[in-house]
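Observations on the model geometry
Each chain is listed here by its residues.
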Amino acid sequence: MRTQVAIIGGGPAGLLLGQLLHCYGIDNVIFERKDRDYILGRIRAGVLEQGTVGLLDEVGVSARLHHDGLVHHGIELAFGGARHRIDMARATGKTVTVYGQTEVTRDLMDARLAAGLTTVYNADNVSLHDFDSEQPCIRYEKDGTTHEVVCDFIAGCDGFHGVSRQSVKPDALTTFERVYPFGWLGLLSETPPVSPELIYTNHERGFALCSMRSLHRSRYYLQCTLDDDVNNWPDEKFWDELKRRLDPQAAATLITGPSIEKSIAPLRSFVAEPMRFGRLFLAGDAAHIVPPTGAKGLNLAASDVHYLSVALREFYAEKSAAGIDDYSRRALARVWKAERFSWWMTSMMHRFPGTDEFSSRIQRAELAYLIDSDAAKTSLSENYVGLPY
Ligand code: APR
Ligand code: PHB
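The structure presented is a predicted model; accordingly, all values stated were derived computationally and were not measured.

**Looking at the confidence of the model for the protein**
- Averaged over all residues, the pLDDT of the protein equals 97, while 100% of them reach at least 70.
- Element-level mean pLDDT values for the protein span from 96 in helix 2 (residues 36–40) up to 99 in strand 18 (residues 280–282).

Take a look at the structure:
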C-alpha cells in the first residue's frame, strides 16, 4: 500500500487531521490499534473552543454539533460558599460549545466512512521506519499478516501511550512534566444539569466540577486521592460528597440518579519537544497532556492538526517546506500557553495535600482578585474560550 500521509491513531486528532487533509486533496490512511466501538466507549471532556468548532465547520462535520451542542457564554467559579459568574462572551465576544468529545469522534468517523477514506482498525504492532529519509514507511500486523505502507509523511496522533513518540531516538527529545498529587473521580448520569453553566468549585474538602453533556445528561467530578478506587464510591456516597462541596443553592437543587459511568483519572502536565522529527510529526496527546481543569485537551489537538494540515497543503500545493519546517515552533507556542492556563486553573481550584498556610492565603487572594478585577476575568475568559491561531 502507498499513501501520502500515514496517520497513526484514530482518536480525535487523527480523525480531524484526516478530514482536513482530505479537504485539501491529500490522500491519507489511518492506522488504529483498537476498534471503533472501543474508541467510542471512552468518555472525555466536552467543551469546544470556537476555533475547534470552526475547524469542524470547515470539514463539514458540524451539523449535529450545531443542533445538539449547548452554546455557553460564561462559567461559574464557586468558593467560600458563594458562586461568581465569569461572563466570557462579554469579556471576549466569544463562546464555547458544550458537546461531548465522544460525539465529535463519532461525527468524524461517520464523515470519514462517507468519504470512502481508509481506516485500518485493529492494526497490531505498528512500527515507524525511515522518517529521517524522504520515503518513510510503517509496518503493522493484522490477522496474522505483516503489511508495509510507504508514505511521504507520518503523523503520530496516537496519544500519550502511543508508539510514535517512542520511535524517536531518546536524545532527540526533551520532555517536561508535572504530576499533580490528586485525581478526578468522574460520574456520568442521565439527570438534568444542576445549573445551565459549568460550575468549578474550590472547597475545603477538595475541588468539584459540575458539567454536562446535554440538558438531560450531566457529568460531575470530585477531586480524589491518587490511590482512590471507583469501588470506594457507590453512587450515594458520590452524590453526598458532591452536595457537601457545592454552594447551598446548588446542593439543594441537585438532581441525582444512577451513574452510567464512573472513573478516576490522574492529572498531569506533559510536553515533548520538538514536535517534528524529519518526516514524522507528533500531534495531540502524543506530544502533550494537560490536566482537564481548563478543558484544553481536544482543543489543543485541534490547533495542532490545523497547523499541520496547512503546512502539508503548502508542501503539496506550493512545493514549499516553510510550513512543515515551522510546524513544531508554531504548535508549541500555543501548546505552552494552554499548558500555563491549565496549570494555573488547576493550582487555583484544587486543595493540595500538605500545603502551608501561606499558599492557602495566596490561593484565596488569587480567587478574590479574579472576581474583583475585570482585567483578571478577561484574562481567564480569553484563555478559556481559546487563544487565537
Ligand atoms: N498504534 C495505533 N494506534 C494507537 C497506538 C499504536 N501503537 N497507540 C495508541 N493508538 C491509538 C489509541 O487507541 C487512540 O485511539 O491512538 C489514539 C489516540 O487517541 P487519543 O488518546 O484520544 O489522543 P488524541 O487523538 O491526541 O486526542 C486528544 O482527545 O482523547 C482526547 O485526552 C485526549 O483530550 C485529548 C484529545
Ligand atoms: C467535562 O464535561 O467532562 C469537562 C468539562 C470541563 C472541564 C473538564 C471536563 O474543564
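**A look at the packing of aromatic side chains**
- What the rule picks out here adds up to 18 aromatic pairs.
- Measuring from ring centre to ring centre gives 5.8 Å for Phe153 and Phe281, while their planes differ by 45°; the resulting arrangement is tilted. Within this pair, whereas Phe153 is found in strand 11 (residues 145–156), its partner Phe281 is found in strand 18, the two being separated by 128 residues in sequence. You'll find Phe153 and Phe281 in the same group, each marked buried.
- An angle of 85° between the planes, with centres 5.6 Å apart, marks the rings of Phe281 and Tyr327 as edge-to-face. Remark: Tyr327 occurs in helix 11 (residues 322–349) and Phe281 occurs in strand 18; sequence separation between them is 46 residues.

**As for the site of ligand 1**
- Not every one of the 24 residues close to ligand 1 is listed here, only the nearest: Glu32, Arg42, Arg44, Gln101 and Asp285.
- The contact in question runs from an oxygen atom of ligand 1 to an N or O atom on the side chain of Glu32, over 2.6 Å.
- The backbone of Arg33 places a nitrogen or oxygen atom 3.1 Å from a nitrogen atom of ligand 1.
- Its free accessible area being 700 Å², ligand 1 has 91% of it covered by the protein chains.
- Contributing elements (two or more residues each) for the shell around ligand 1: helix 1 (12–23) and helix 10 (297–318).
- Among the elements that make up the shell around ligand 1, the one with the highest residue count is helix 10 (three residues).
- The residue makeup of the shell around ligand 1, split by class, is ten nonpolar, seven polar and seven charged.

**A short note on the pairing of strand 1 (residues 2–8)**
- With five of seven residues buried, strand 1 lies mostly within the body of the structure.
- Looking at chain direction, strand 1 and strand 11 are connected through six bridges and run parallel. Within strand 11, the position partnered with Ile7 by the bridge is Ala155.
- For strand 1 and strand 2 (residues 28–31), the ladder comprises four bridges, and the chain directions are parallel. Paired with Ile8 across the bridge in strand 2 is Phe31.
- Crossover handedness for the path strand 1 to helix 1 to strand 2: right-handed.

**Remarks on the site of ligand 2**
- Around ligand 2 sit 14 residues, and of these Tyr200, Ser211, Arg213, Tyr221 and Pro292 come closest.
- For ligand 2, an oxygen atom lies 2.6 Å from a polar atom in the side chain of Tyr221.
- One nitrogen or oxygen atom from the main chain of Thr293 is found 3.2 Å from an oxygen atom belonging to ligand 2.
- If ligand 2 stood free it would expose 280 Å²; the protein chains cover 99% of that surface.
- Those elements giving two or more residues to the shell around ligand 2 turn out to be strand 14 (208–214) and strand 15 (217–224).
- Ranked by the residues each element gives to the shell around ligand 2, the list is headed by strand 14, at three residues.

**Digging into the environment of Asp87**
- On the secondary structure map, Asp87 appears in strand 6 (residues 82–87).
- Taking C-alpha positions, Asp87 is 7.0 Å from Ile75, a pair spaced twelve residues apart along the chain.
- Here Asp87 is in contact with His73 and Ser381, once residues within four sequence places are set aside.
- Here Arg85 takes part through its side chain, which lies 3.4 Å from a polar atom of the side chain of Asp87.

**Remarks on the nonpolar core**
- Counting residues in hydrophobic clusters, the biggest one holds 75 residues, and the most contacted among them are Val5, Leu16, Phe31, Ile138 and Leu312.
- Of the residues forming this core, the biggest block, eleven residues, is contributed by helix 10.
- For Val5, the contacting residues outside a window of four places in its chain are Leu21, Ile26, Asp27, Asn28, Val29, Phe153, Ala155, Leu312 and Tyr316.

**Quick notes on the sheet that holds strand 7 (residues 96–98)**
- Here we have three strands laid out as an open sheet, ordered 3-7-4, and antiparallel in their pairing. Of all the strands in the sheet, just strand 3 (47–48) and strand 4 (70–72) have a single pairing partner and so form its edges.
- Bridge count for strand 3 against strand 7 is two bridges, and the pairing is antiparallel. Note on strand 7: the bridge partner recorded for Val47 is Val98.

Cut-offs used in this document
Residues numbered from 1 in each chain as written. Chains lettered and ligands numbered in written order. Predicted model: local features only at pLDDT ≥ 70, side-chain atom pairs only at ≥ 80, totals over all residues. Heavy atoms only, no water. pLDDT = per-residue confidence, 0-100. Helix = DSSP H or I, 4+ residues; strand = E, 2+ residues; numbered from the N terminus. Phe/Tyr/Trp six-rings, centres within 6.5 Å; stacked < 30°, edge-to-face > 60°. Buried < 20%, exposed > 50% of the residue type's maximum accessible area, 1.4 Å probe, protein only. Near = heavy atom within 4 Å. Polar contact = N/O pair within 3.5 Å; in protein donor to acceptor, adjacent residues only side chain to side chain. Areas by Shrake-Rupley, 256 points an atom, 1.4 Å probe, with all protein chains shown as cover. Nonpolar A, V, L, I, M, F, W, Y, C, P; charged D, E, K, R; others polar. Pairing = 2+ DSSP bridges. Right-handed = clockwise from strand over helix to strand, strands pointing away. Contact = heavy atoms within 4.5 Å. Core = buried A, V, L, I, M, F, W, Y, C linked by side-chain atoms within 4.5 Å.

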